[in-house]
Amino acid sequence: MTGAGTRVRIGIMHRFKGLEFQRVFLTSIGEGQVPRQRVERYRLTNPDRYRQKKQRARSLVFVAATRARDELIVTWSGEASRFLPEHADDTAHRATDLLGNDGPPSGSSSAPSASSAT
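In this text the structure is predicted, and so the values were computed from the model without any measurement.

Concerning the overall build of the protein
On a plain count of helices and strands, the protein comes out with 2 helices and 4 strands. When the helices and strands of the protein are read in sequence order from the N terminus, they spell out β-α-α-β-β-β. Considering the protein as a whole, with its 118 residues, one finds that 36% of them fall into the buried category. Relative to all contacts within the protein whose residues are 6 or more apart in sequence, the contacts with residues 24 or more apart total 68%.

And the structure:
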């Protein structure tokens, strides 16, 4: 296929910062993947680093989710990430809902609509 509208771009969440796409798929957004399980090792030994790493992962999910202009599809296996709404598998959400009641991190702006899937 040719043309800019027919291409598929695959990459890690960091790669697409600042870009926007009609449809975005975030895969493997399950607990232990986002945030990574290794973040938990800091919970008791270094609480400040734990909070920093957790916030960084949360911000990364928000940035990735807001790359979607029209549709966001989020998938996971097992337990959904703590950064997804409690009943994410039951309903569609706005991308800003991915972060619960805390709102966007670091003053980020509102986001497009989102769909969730398991």
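Text resumes after the structure shown.
Some thoughts on unusual backbone geometry
Cis geometry marks the peptide bond from Val34 to Pro35, where omega comes out at -5°. With respect to the helices and strands, the residue Pro35 is situated in the loop between β1 (21-26) and α1 (42-45). Residues other than glycine seldom take positive phi values, yet Ser28 does so here, at roughly 60°. Mapped onto the elements, Ser28 comes out in the loop between β1 and α1. Residue Ser28 is classed as partly exposed on the basis of its relative accessible area of 41%.

Some details on helix α2 (residues 47-65)
Along an α-helix, a turn takes 3.6 residues, which lines up residues three or four apart on a common side. With 19 residues, α2 should reach 27 Å at 1.5 Å per residue; the first-to-last C-alpha distance of 27 Å fits that figure. Regarding α2, the residues found buried are Tyr50, Ala57, Arg58, Ser59, Val61, Phe62, Ala64 and Ala65. Tucked into the core, α2 has its buried residues touching β1, α1 and β2 (68-74).

Side note on the pattern of salt bridges
Applying the stated rule across the entire model yields 6 salt bridges. Across the pair Glu71 and Arg23 runs a salt bridge whose closest N-O atoms are separated by 2.7 Å. Of this pair, Glu71 sits in strand β2 while Arg23 sits in strand β1, and the two are 48 residues apart along the sequence. Using a relative accessible area of 27% as the deciding quantity, one classes Glu71 as partly exposed. Sharing partners across several salt bridges, the network here consists of Glu31, Glu40, Arg43 and Arg82.

Here's the deal with the packing of aromatic side chains
Inspection of the entire model under this criterion finds 1 aromatic pair. Aromatic pair Phe16 and Phe21: ring centres 5.3 Å apart, planes at 90°, arrangement edge-to-face. An identical accessibility class is assigned to Phe16 and Phe21; each is buried.

Reading guide: rules and limits
- Residues numbered from 1 in each chain as written.
- Predicted model: local features only at pLDDT ≥ 70, side-chain atom pairs only at ≥ 80, totals over all residues.
- Heavy atoms only, no water.
- Helix = DSSP H or I, 4+ residues; strand = E, 2+ residues; numbered from the N terminus.
- Buried < 20%, exposed > 50% of the residue type's maximum accessible area, 1.4 Å probe, protein only.
- Contact = heavy atoms within 4.5 Å.
- Expected span 1.5 Å × (residues − 1).
- Salt bridge = Lys/Arg side-chain N within 4 Å of Asp/Glu carboxyl O.
- Phe/Tyr/Trp six-rings, centres within 6.5 Å; stacked < 30°, edge-to-face > 60°.

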